[in-house]
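Reading the structure
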Amino acid sequence: MREGKVVIIRIPNRKLGEIATKTLVHWITLKTFMTRMLMDKEKQKNGCFIVFNEPEQCITEGLTKLMGLIGTEGRKERLGSLYAFHH
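A brief look at the structure comes next. (Residues numbered from 1 in each chain as written. Predicted model: local features only at pLDDT ≥ 70, side-chain atom pairs only at ≥ 80, totals over all residues. Heavy atoms only, no water.)

This next bit is on the nonpolar core. Within soluble globular proteins, side chains that are nonpolar tend to cluster in buried spots. Ile-9, Val-25, Phe-52, Leu-63 and Leu-79 are the most contacted members of the largest nonpolar core, which has 13 residues in total. Contributions of two or more residues to this core are made by helix 2 (18–38), strand 2 (48–53) and helix 3 (61–73). With four residues, helix 3 is the single largest residue contributor to this core. Ignoring sequence-local partners within four residues, the contact set of Ile-9 consists of Val-25, Ile-28, Thr-29, Ile-50, Val-51, Phe-52 and Asn-53. (Core = buried A, V, L, I, M, F, W, Y, C linked by side-chain atoms within 4.5 Å. Buried < 20%, exposed > 50% of the residue type's maximum accessible area, 1.4 Å probe, protein only. Helix = DSSP H or I, 4+ residues; strand = E, 2+ residues; numbered from the N terminus. Contact = heavy atoms within 4.5 Å.)

Its volume calculated, the largest pocket comes out at about 180 Å³. The wall of the largest pocket is formed by Ile-9, Arg-10, Ile-11, Pro-12, Asn-13, Arg-14, Thr-21, Val-25, Asn-53, Glu-54, Gln-57 and Cys-58. Looking at the lining of the largest pocket, the elements with two or more residues in it are helix 1 (13–16) and helix 2. Across the lining of the largest pocket, the residue classes break down as five nonpolar, four polar and three charged. (1 Å grid on protein atoms, 1.4 Å probe; cavity = no way out; pocket = protein on both sides within 12 Å on 5 of 7 lines; lining within 4 Å. Points joined across faces, edges and corners; volume = space filled by probe spheres on them. Nonpolar A, V, L, I, M, F, W, Y, C, P; charged D, E, K, R; others polar.)

Take a look at the structure:
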């Protein structure tokens, strides 16, 4: 993330199951946000994006709150989020 990479979340729920998919997406999102929060400003100089591919397949109440937090507070950590919908 310090190199300004993009994190793309695309987890096939057909293969893992609904609960495992939702858990992994929430964990990866939280880990990404917390990692950015713990980085010093020098390491954050390159921005980072997290891309959610079809987030409606893995959304939970907790993930919704976390996405909202990233949307409002993520800019301070130079973390942006993108949502990809295909329909």
